[in-house]
Amino acid sequence: MNEIICPNCKRAFKVDEAGFADILKQVRDHQFEEEISTRLALADREKESAVELAKANLKNSMQAELAKKDKELAELKAKNVTELAENLAKKELEIAEMKSLIQSSEIQKKLDVSEAIKVIEKERDNLANELKIKETETQLLEQSIKEKYVNKLGIKDEAIKMKDDEIARLKDFKQKLSTKMVGETLEQHCEIEFNKLRATAFQNSYFEKDNDSKGGSKGDFIYKESDEAGNEIISIMFEMKNENDETATKKRNEDFFAKLEKDRQEKNCEYAVLVSLLESENEFYNTGIVDVSHKYKKMYVVRPQFFISIITLLRNAAMNSMKYKAELNLMRNQNVDITNFEEKIDAFRKGFAYNYDLASRKFKTAIDEIDKTITHLQKTKAALLSSEDNLRLANNKAEDLTIKKLTHGNPTMKTKFDELGK
């Protein structure tokens, strides 16, 4: 049982559990409702106050924001107006500057164009003057060249005319001669050329026609020369051959080699030389002095202009070898081994023949060049100098040949010479 005191009368009464729970429920429900009502009323008031406050705050905020925006708008308007004014002034200034620049540029452009035109006109005038000068120089040069070559051509034409006249004269002369007379004319030419030098260069020489026909034939001329002791230095059998241009049967140089060799042997001559004008178009014989020793020993074919040259070269070589021949004979009598000595003599002769042949070729080249135009004179001079050098080399080889060099490498001969020297 629960005891409850009445709040009004202060009397106490007891209530069972069910009644107490029911009373407690009623009290609670009444209090809860009152509390709910109070709280709802308070919430409504607070809500209204919050709404009013929010409205007031929103209004204030909106007004402040609006004022701010108005201020910013005013400031922006003022700023934009200022910037626009400044930009406008700046643009107007730029436009004025551009106009001034364009105007200045146009003036400068006109000036530059004017200056460029003046420069180009000056260059044009200079080029025109230079062209006139060049044309004048060219005309003068052409005139000079024409005059120069007209003179040269005149000289050349005159030389050609003289040669043509000489050729015509010789052809006419040769046509009037028989084949035998032409040959005899060549013999006379060679004899005259030799006699021109006989008193100075060939004082101790024999050069006469071969009149001995005991063997059935004879040559044209025999050249012989001996030293003061009577020792023969050199001997040459000469055959002179020419042929009339109108002769029907043309002969070759080779056709006369066998007879010339036979005459050489029968007359005991050391060398055989065919002086020939045959085969005038054959370049082999036109080179000058031609060595045909591959067919016949010690035989040469020459054109008439080399007649004196072949005698001089063979004679000089023979004279330089005379003392070696004497020493060779002495050593042979003493039964000395001279194999190497003879080989060196042969090598010397081959070397001499080589330089001699080379010199004759160069000399012939020079002769041919002389017959050409004036513009080939320098080439002719070079050929002549080359021929002179080779002749000098051949002569030096002949003069430089000594017993010491010939006996080099031959101890037997060296011993014999040492004994002779003691």
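See the structure printed just above.
Criteria and cut-off values
Residues numbered from 1 in each chain as written. Predicted model: local features only at pLDDT ≥ 70, side-chain atom pairs only at ≥ 80, totals over all residues. Heavy atoms only, no water. Helix = DSSP H or I, 4+ residues; strand = E, 2+ residues; numbered from the N terminus. Buried < 20%, exposed > 50% of the residue type's maximum accessible area, 1.4 Å probe, protein only. Contact = heavy atoms within 4.5 Å. Pairing = 2+ DSSP bridges. Axes fitted to C-alpha atoms, helices over the stretch in contact; angles between N-to-C directions. Salt bridge = Lys/Arg side-chain N within 4 Å of Asp/Glu carboxyl O. Polar contact = N/O pair within 3.5 Å; in protein donor to acceptor, adjacent residues only side chain to side chain. Patch = residues over 30% accessible without salt bridge, like charges linked within 9 Å, V, L, I, M, F, W, Y side chains within 5 Å. Areas by Shrake-Rupley, 256 points an atom, 1.4 Å probe, with all protein chains shown as cover.

Visitor: Could you give me a rundown of the overall build of the chain, with the residues and numbers involved?
Guide: When its secondary structure is counted, the chain shows nine helices and eight strands. Scored against the burial criterion, the 422 residues of the chain give a buried share of 25%. In the chain, 61% of the contacts between residues at least 6 apart in sequence involve partners at least 24 apart.

Visitor: Please give an account of the sheet that holds strand β7 (residues 290–291) that cites residues and values.
Guide: Strands sit in the order β3-β4-β5-β6-β8-β7 across an open sheet of six strands; the sheet is mixed. Among the strands making up the open sheet, the edge pair consists of β3 (205–209) and β7. Relative to strand β4 (residues 221–226), β3 is paired through five bridges, and the arrangement is antiparallel. From the neighbouring strand, S205 faces β4, where its bridge partner is E225. Its contacts with the sheet place helix α3 (residues 257–266) against β5 (232–241), β6 (271–276) and β8 (299–302), and it is angled at close to 150° to β5.

Visitor: Summarise the pattern of salt bridges; cite the residues concerned and give the values.
Guide: When the charged atoms of two side chains with opposite charge come close together, those side chains can pair. If you walk through the whole model with that rule in mind, you get twelve salt bridges. The residue K196 makes a salt bridge to E193 at a minimum N-O spacing of 3.2 Å. Of this pair, K196 and E193 are both found in helix α2 (residues 179–201), three residues apart, which corresponds to roughly one turn of the helix. K262 is the partner of E266 in a salt bridge, and the nearest nitrogen-oxygen pair spans 2.7 Å. Taken together, the residues E266 and K262, both in helix α3 and four residues apart, mark about one turn of the helix.

Visitor: Residue-level account of the side chain of E270, with values.
Guide: Along the chain, E270 turns up in the loop between α3 and β6. Assessed through its relative accessible area of 14%, E270 is described here as buried. Of note is the side chain of E270, whose polar atom sits 3.1 Å from the side chain of K298.

Visitor: Give me a nonpolar patch on the surface: which residues, what numbers.
Guide: Together, M98, L101 and I102 line one region of the surface with nonpolar side chains, adding up to about 290 Å² of accessible area. Mapped onto the elements of the fold, I102 is located in helix α1 (residues 17–175). A relative accessible area of 43% places I102 in the partly exposed class.

Visitor: Explain unusual backbone geometry to me, using residue names and the numbers behind them.
Guide: Of note in the backbone geometry, N268 takes a positive phi value of approximately 55° without being a glycine. Residue position: N268 is located in the loop between α3 and β6. Accessibility expressed as a relative area gives 61% for N268, which makes it exposed. One non-glycine residue, K298, adopts positive backbone phi at about 55°. Counting through the fold element by element, K298 comes out in the loop between β7 and β8.

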